[in-house]
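Residue strings, one per chain:
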Amino acid sequence: MALFIPFLVSAAFVAAGVGVNALEKQSQREIEEAERKRIEAERIERENRERSERWAREAAWAQEQQRAALAREQAAVEEARREEARIQAALRAATEAKKREEDAMLALVRGIPPQRRPSLSDIRRIRRRFNYEYKRFNVAIVGESGMGKSTLLNSLRGLLSSDPGAARPGFNETTMSVKAYNDAYYNWFKWYDVPGANTPTITGWRYFTKQGLFIFDALIIVFCDRFTQTTGTLISHAETCGVPVFLVRTKADQLINNIQVDSDNEIDEAQARQICLKDTQSMVDINLQRMDLPPRMSYVVSRRAMREYVVKRDKREVLNEDVLIEDLESLCHKTLEER
């Protein structure tokens, strides 16, 4: 019995040790499980946080893209409005320009030539184009087609139409561009033959500015049978631009012959010449007054008499040829002295 008791005690201690070890293992497992759960919870929390942050970034990016798209749309709408405003402005400008052109043409029909004063750059540009010479007196011969401009130019230079260097006259308008001619008798003159107004290629109301007539030192405006609206328009433009004008009626020989033929009583040539001079000035005065233009002298010239006066200073058959040359020379010398 005594031997059995120690054995029981030892067995008890062994059993107790085994129980303690089991508890320790159980506790260790619980600790490890708790740590695993903690780690898993942290992982889930981290993933949830990263997911939330990613969603927030994506939402912010989407909002930014939406704002950018809205801004682009607004900019496009604003640009469309500006473009529409530009188109409307261009349409208004075109309409106004067309209205001004129509008004100008209507004014011309009513006898009121359109007024436009050229700029200095316009004058310099046209003078370069025509080879304008500052050391000479530059005179343009202008008027409607068929009035004898080229013939007058030749006679002012002492030439016949068949002479070398003469301007080519014709029944139809033969001068299609401004042409310059020097003068052998009056070296200080430079003459310009200008295409006729109111031809199929030269419209009336644009004639003055299109041909650059504002750049010359003087204009000889030619007419023949009638004093037309074009003649008055040219005078008005020249006065606006400060260009001196010499109003010349050509084909005097034909006019004088017609006066003799149409007269009820027989009249000699001397009487017919006086009638021609008087009637011409009267016609000019009446038409200038109708067009609200100031009075001015007119010159009646004959091709033959002009050439004889230029070449030989022969005054036997002159009408106003000598006066025209003298007035041109006087203005020429004054102009050149002032330069």
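Here, residues in each chain are numbered from 1, in the same order as that chain's written sequence. Whole-chain, interface and lining totals are the exception, using all residues; otherwise, since this is a predicted model, local features are given only for residues with pLDDT of at least 70 and side-chain atom pairs are given and counted only at 80 or more. Side-chain numbers here rest on the full set of heavy atoms in the structure, without hydrogens or water.

An unreviewed UniProt entry lists the protein chain under the name IRG-type G domain-containing protein, with Panaeolus cyanescens given as the organism. UniProt positions are given in the numbering used here, feature names are shortened, and annotations may be inferred rather than shown by experiment. UniProt lists a comment for the protein chain under the heading Sequence similarities (unreviewed entry), and it reads "Belongs to the TRAFAC class dynamin-like GTPase superfamily. IRG family."

A.B. asks: Looking at this model, I keep getting lost on the pattern of salt bridges. Mind explaining?
C.D. replies: Where charged atoms of side chains with opposite charge meet at close range, the side chains can pair. What counts as a salt bridge is simple: a side-chain nitrogen of Lys or Arg found within 4 Å of a carboxyl oxygen of Asp or Glu. Taken as a whole, this structure holds 24 salt bridges when the rule is applied. For the salt bridge of Arg81 with Glu78, the shortest nitrogen-to-oxygen distance reads 3.8 Å. Residue Arg81 and its partner Glu78 are both found in helix H1 (residues 4–109); the two are separated by 3 residues, about one turn of the helix. Here Arg81 falls in the exposed class, since its relative accessible area comes to 56%. For each residue, the accessible area found with a 1.4 Å probe, counting protein chains only, is set against the maximum for its type, and the residue is called buried under 20%, exposed over 50%, and partly exposed in between. Here Glu78 falls in the partly exposed class, since its relative accessible area comes to 34%. Arg296 is the salt-bridge partner of Glu239, the closest N and O atoms lying 3.0 Å from each other. Here Glu239, found in helix H5 (residues 229–241), pairs with Arg296, found in the loop between helix H7 (269–290) and strand S6 (298–300); they are 57 residues apart in sequence, far enough to count as distant. Salt bridges sharing common partners tie together Glu78, Glu79, Arg81, Arg82, Glu83 and Arg86. Labels follow the DSSP assignment, with helices taken as runs of H or I lasting at least four residues and strands as runs of E lasting at least two, numbered in each case from the N terminus.

A.B. asks: Quick question: what am I supposed to make of the packing of aromatic side chains here?
C.D. replies: Pairs of aromatic rings are described using the distance from one ring centre to the other and the angle between the two planes. A pair of Phe, Tyr and Trp rings is counted when the ring centres sit within 6.5 Å of each other, with Trp represented by its six-membered ring. The angle between the planes then sorts it: under 30 degrees is stacked, over 60 is edge-to-face, the rest tilted. Enumeration over the complete set of coordinates arrives at 10 aromatic pairs. Note on Trp188 and Phe189: the rings are 6.4 Å apart at their centroids and 45° apart in plane angle, and the pair reads as tilted. Judged by relative accessible area, Trp188 falls into the partly exposed class, the value being 30%. Looking at Phe189, the relative accessible area reads 1%, which means it is buried. One aromatic cluster is present, formed by Phe137, Tyr186, Trp188, Phe189 and Trp191 through successive ring pairs.

A.B. asks: How should I be thinking about the sheet that holds strand S3 (residues 189–193) in this particular structure?
C.D. replies: Within a sheet, neighbouring strands are paired by backbone hydrogen bonds and run either parallel or antiparallel to one another. Strand order in this open sheet of 6 strands is S2-S3-S1-S4-S5-S6, and the pairing throughout is mixed. Across the chains shown, the open sheet's two edge strands, defined by having one partner strand only, are strand S2 (179–182) and S6. The average angle at which neighbouring strand axes cross in this sheet is 30°, direction not considered. As paired elements, S2 and S3 share 4 bridges and run antiparallel to each other. Within the sheet, the bridge partner assigned to Tyr181 lies in S3 and is Trp191. On the sheet, H5 packs against strand S1 (137–143), strand S4 (218–223) and strand S5 (245–249) and is oriented at approximately 170° with respect to S4. Where H7 meets the sheet, its contacts fall on S4, S5 and S6, and the angle it forms with S6 comes to roughly 150°. Any two strands with at least two DSSP-identified bridges between them are counted as paired. Working convention: axes come from line fits to C-alpha atoms, limited for helices to the stretch in contact. Angles between N-to-C directions cover 0 to 180 degrees. The contact criterion used is simple: two residues touch if any of their non-hydrogen atoms lie within 4.5 Å.

A.B. asks: So what exactly am I meant to see when it comes to helix H3 (residues 149–156) here?
C.D. replies: Since there are 3.6 residues in each turn of an α-helix, residues three or four apart along the chain are aligned in direction. Of all 8 residues in H3, 7 are buried, a share of seventy percent or more. Of the positions making up H3, those classed as buried are Lys149, Ser150, Leu152, Leu153, Asn154, Ser155 and Leu156. Directly after H3, the chain includes Gly158, whose backbone phi takes a positive value near 75°.

A.B. asks: I tried to follow the nonpolar core on my own but got confused; where do I start?
C.D. replies: Soluble globular proteins tend to pack their nonpolar side chains together in the buried interior. To define a nonpolar core, start from buried Ala, Val, Leu, Ile, Met, Phe, Trp, Tyr and Cys residues and group those joined through side-chain atoms within 4.5 Å. Leu213 and Leu219 are the most contacted members of the largest nonpolar core, which has 32 residues in total. Every element with two or more residues in this core is listed here: helix H2 (120–130), S1, helix H4 (207–210), S4, H5, S5 and H7. Looking at which element gives the most residues to this core, the answer is H5, with 4 residues. Beyond its immediate chain neighbours, meaning those up to four positions away, Leu219 contacts Ala140, Phe208, Leu213, Ala238, Val243, Pro244, Val245 and Phe246. Counting residues in each nonpolar core, the second largest holds 28 residues, with Ala167, Ala218, Cys224 and Val310 among its members.

A.B. asks: Explain the packing of helix H8 (residues 303–312) against helix H9 (residues 321–338) here, please?
C.D. replies: At a closest axis distance of 9 Å, the pairing of H8 and H9 adopts a crossing angle of 55°. With respect to their mutual orientation, H8 and H9 come out oblique. In this structure, H8 crosses over H9, and the sense of that crossing is right-handed. Across from Ala305, Met306, Tyr309 and Val310 in H8, the residues of H9 making contact are Glu321, Asp322, Leu324, Ile325 and Glu326. Any angle that falls under 35 degrees is termed roughly parallel, while one over 145 is termed roughly antiparallel, one within 65 to 115 roughly perpendicular, and all others oblique. In this scheme the crossing of two helices becomes right-handed for a clockwise turn of the near helix relative to the far one and left-handed for an anticlockwise turn of less than a right angle.

A.B. asks: For this particular structure, what's the right way to read the confidence of the model for the protein chain?
C.D. replies: Parts of the model with low pLDDT should not have their predicted coordinates read in detail. pLDDT expresses how confident the predictor is about each individual residue, on a scale running from 0 to 100. When pLDDT is averaged along the protein chain, the result is 85; 86% of the residues meet or exceed 70. Taking the mean pLDDT of every element in the protein chain, the minimum, 80, falls on H1 and the maximum, 97, on S5. Low pLDDT (under 50) marks residues 108–113, which in the prediction has 9 contacts with non-local residues, meaning those over four places away or in another chain.

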